[in-house]
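# Structural features, examined
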Amino acid sequence: MLRLPSFTYLQPRTLGEAVAMKVDAGPDGMFVAGGTDLYPNMKRRHQDPKVVVTLMGIPELRRVSTPLLRNMGTLGGNLCLDTRCNYYNQTYEWRKAIDFCMKKDGHICWVAPSSPRCWAVSSSDVAPVMVALGAEYVLVGPGGERVVPADRFYHNDGINYLTKQPDEALAAVRLPPADGWDAVYHKLRRRGSFDFPVLGVAAWVKWERGRVVQARIVLGGVASWPQEIPEAGAVLAGTDLSDEAITAAADAAYRPAKPMDNTDFDLSWRKQMTRVYVTRVLAELRQRRRAGK
Ligand SMILES: Cc1cc2nc3c(=O)[nH]c(=O)nc-3n(C[C@H](O)[C@H](O)[C@H](O)COP(=O)(O)OP(=O)(O)OC[C@H]3O[C@@H](n4cnc5c(N)ncnc54)[C@H](O)[C@@H]3O)c2cc1C
Ligand code: SF4
């Protein structure tokens, strides 16, 4: 059985106290919310904080918990989720047997051995949706509060996958006002029950008088960040999501989608499924529009 290493568990009562504790802990400290990602990672020695500062029980953050993920998982934890890779999400002993990799304890990337960077995959279901919606994140850190657009919160780097400072906590998510937009998310995964996405497609469109005036298509599970495909959104503008427009957007999304061979399923099949899933989300948006939903 995998066991947690020993660590100090701090229970702040306010967000300010949490940030101060995290600053005191320095690089040895980490925030935890539901712990559904961090604790398994600590058991596999992916992350080894000596001090864990819990965000549960802080009144300001209660609204960031989501009933969708039920019980322990939180929205904040989901949006800050560690990137994933078949060579990384393994036990310490398994990783030691291959001499580790550059994301933790090693020097090489086993997915792309000549690569100077890590290609671990953004596997959050909600992050691509937030980028597609144009959401904003409220961060609270030692210097106070700041607001960043969701698309600027992520880096396309498997190790440094967030742009936020280590001591900043994600305190709130702001969605744009509902003024004629609609959005849909579909994910490809092996199991019908809970499972990480190996491809996620979030589509957002803004309608005006029966026409799309703006659209965003964002892919999850194909890069180290939620990957927006501006070309796919651009071809939808001015259309009523005709079959031709949907096919053009699916083709535009297919070309830059470059999944790596480090998650479930064959990578060339996952790439082909980009076209299928983009088609499906856009067809659903059109159907909802026609049904007046
Ligand atoms: C079996 C299993 C299946 C899963 N399936 C999915 C899935 O299908 N889709 C999916 O998206 N996720 C999935 N997850 C991952 C995870 O459970 C969820 O993403 C969950 O929402 C994470 O929230 P948490 O509060 O438990 O995160 P934690 O484990 O507490 O934290 C995750 C990371 O975020 C940081 N963090 C947490 N909250 C904050 C905050 N407010 N500010 C700054 N940093 C913060 C932590 O330091 C840590 O690095 C799965 C996990 C498991 C174990
Ligand atoms: S992509 Fe490469 S460096 Fe990153 S976790 Fe996988 S094997 Fe390690």
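The structure this text deals with has already been given above.
Nothing here was measured: the structure is a model prediction, and the numbers come from that model.

Cut-off values and rules
- Residues numbered from 1 in each chain as written.
- Chains lettered and ligands numbered in written order.
- Predicted model: local features only at pLDDT ≥ 70, side-chain atom pairs only at ≥ 80, totals over all residues.
- Heavy atoms only, no water.
- Phe/Tyr/Trp six-rings, centres within 6.5 Å; stacked < 30°, edge-to-face > 60°.
- Helix = DSSP H or I, 4+ residues; strand = E, 2+ residues; numbered from the N terminus.
- Lys NZ or Arg CZ within 6 Å of the ring centre and 35° of its normal.
- Contact = heavy atoms within 4.5 Å.
- Near = heavy atom within 4 Å.
- Polar contact = N/O pair within 3.5 Å; in protein donor to acceptor, adjacent residues only side chain to side chain.
- Areas by Shrake-Rupley, 256 points an atom, 1.4 Å probe, with all protein chains shown as cover.
- Nonpolar A, V, L, I, M, F, W, Y, C, P; charged D, E, K, R; others polar.
- Pairing = 2+ DSSP bridges.
- Axes fitted to C-alpha atoms, helices over the stretch in contact; angles between N-to-C directions.
- Buried < 20%, exposed > 50% of the residue type's maximum accessible area, 1.4 Å probe, protein only.
- Right-handed = clockwise from strand over helix to strand, strands pointing away.
- Left-handed = near helix turned anticlockwise from the far one by under 90°.
- Core = buried A, V, L, I, M, F, W, Y, C linked by side-chain atoms within 4.5 Å.

### Structural notes on the packing of aromatic side chains
We describe a pair of aromatic rings using the distance from one ring centre to the other and the angle between the two ring planes. For the coordinates displayed, the defined rule picks out seven aromatic pairs. Ring centres 6.3 Å apart and planes at 25 degrees place the aromatic pair Phe-7 and Tyr-39 in the stacked group. Residue Phe-7 is located in the segment before strand S1 (8-10), and its partner Tyr-39 is located in helix H2 (residues 38-43); the two are separated by 32 residues in the primary sequence. On the numbers, 4.8 Å between centres and 80 degrees between planes, the contact of Tyr-137 with Phe-153 is edge-to-face. One end of the pair, Tyr-137, is in strand S4 (residues 136-141); the other, Phe-153, is in the loop between strand S5 (144-149) and strand S6 (169-174), and 16 residues separate them in sequence. A cation over a ring is seen here: Lys-103 above Tyr-88, with NZ or CZ 4.7 Å from the ring centre. Between Arg-216 and the ring centre of Trp-204, over which it is positioned, the NZ or CZ distance is 4.1 Å.

### A look at the environment of Leu-170
Mapped onto the secondary structure, Leu-170 falls in strand S6. In this structure, the C-alpha to C-alpha distance between Leu-170 and Cys-80, residues 90 residues apart in sequence, is 8.4 Å. Beyond its immediate stretch of four places on either side in the chain, Leu-170 contacts Leu-61, Gly-76, Leu-79, Cys-80, Tyr-137, Val-138 and Leu-139.

### Observations regarding the site of ligand 1
Around ligand 1 sit 29 residues in total, of which Phe-31, Gly-34, Thr-36, Thr-74 and Asp-195 are the nearest. Contact distances for ligand 1 include 2.9 Å between an oxygen atom and a backbone N or O atom of Asp-37. Here a nitrogen atom of ligand 1 sits 2.7 Å away from a polar atom, N or O, in the side chain of Asp-125. Within the complex, 86% of the 970 Å² of free accessible area of ligand 1 lies under protein. For the shell around ligand 1, the elements supplying multiple residues, two or more each, are strand S2 (29-32), helix H3 (75-79) and S6. Split by residue class, the shell around ligand 1 holds 13 nonpolar, ten polar and six charged.

### Focus on the sheet that holds S5
Pairing is antiparallel in the open sheet, where three strands are placed in the order S5-S4-S6. At either end of the open sheet lies a strand with only one pairing partner, and these are S5 and S6. In this sheet, adjacent strand axes meet at a mean angle of 25 degrees when their direction is disregarded. Where S4 lies against S6, five bridges are found, and the strand directions are antiparallel. Within the sheet, the bridge partner assigned to Glu-136 lies in S6 and is Arg-174.

### Some remarks on the site of ligand 2
Near ligand 2, the surroundings consist of 13 residues, among which Cys-85, Cys-101, Cys-109, Cys-118 and Trp-119 are the closest. Tallied by class, residues from the shell around ligand 2 come to eleven nonpolar, one polar and one charged.

### Here's the deal with the pairing of strand S3 (residues 51-54)
The side-chain alternation of S3 yields two buried faces, one formed by Val-51 and Val-53 and the other by Val-52 and Thr-54. Here S1 runs beside S3; their pairing, made up of three bridges, is parallel. Opposite Tyr-9, over in S3, you have Val-52 as the bridge partner. Since S2 and S3 lie parallel, the crossover through H2 that links them has a hand, and here it is right-handed.

### A word on the side chain of Arg-286
Tracing the backbone shows Arg-286 in helix H8 (residues 267-290). Not counting residues within four places of it along the chain, the set of residues in contact with Arg-286 comprises Asp-240, Leu-241, Ser-242, Asp-243 and Ile-246.

### Brief notes about the packing of helix H7 (residues 243-254) against H8
The geometry of H7 relative to H8 is characterised by a closest axis approach of 8 Å and an angle of 145 degrees between their N-to-C directions. Between H7 and H8 lies a crossing whose hand is right-handed. Taken together, the residues of H8 that come into contact with H7 (itself represented by Asp-243, Ile-246, Ala-249, Ala-250, Asp-251, Ala-253 and Tyr-254) are Lys-271, Gln-272, Thr-274, Arg-275, Val-278, Thr-279, Leu-282, Ala-283 and Arg-286. Here the residues of the contact of H7 with H8 sort into eight nonpolar, three polar and five charged.

### Some thoughts on the nonpolar core
Counting residues in each nonpolar core, the largest one holds 31 residues, and the members touching the most others are Val-201, Ile-217, Leu-219, Leu-236, Val-278 and Leu-282. Among the elements of the structure, strand S7 (181-188), strand S8 (199-208), strand S9 (211-220), helix H6 (230-236), H7 and H8 are those that each provide at least two residues to this core. Those residues in contact with Leu-219 that lie beyond four places of it in its chain are Pro-128, Gly-200, Val-201, Trp-225, Pro-226, Gln-227, Ile-229, Ala-253, Ala-257, Thr-274 and Val-278. If you look at the next biggest cluster of nonpolar residues, it comprises 20 residues, including Ala-127, Leu-133, Tyr-161 and Val-218.

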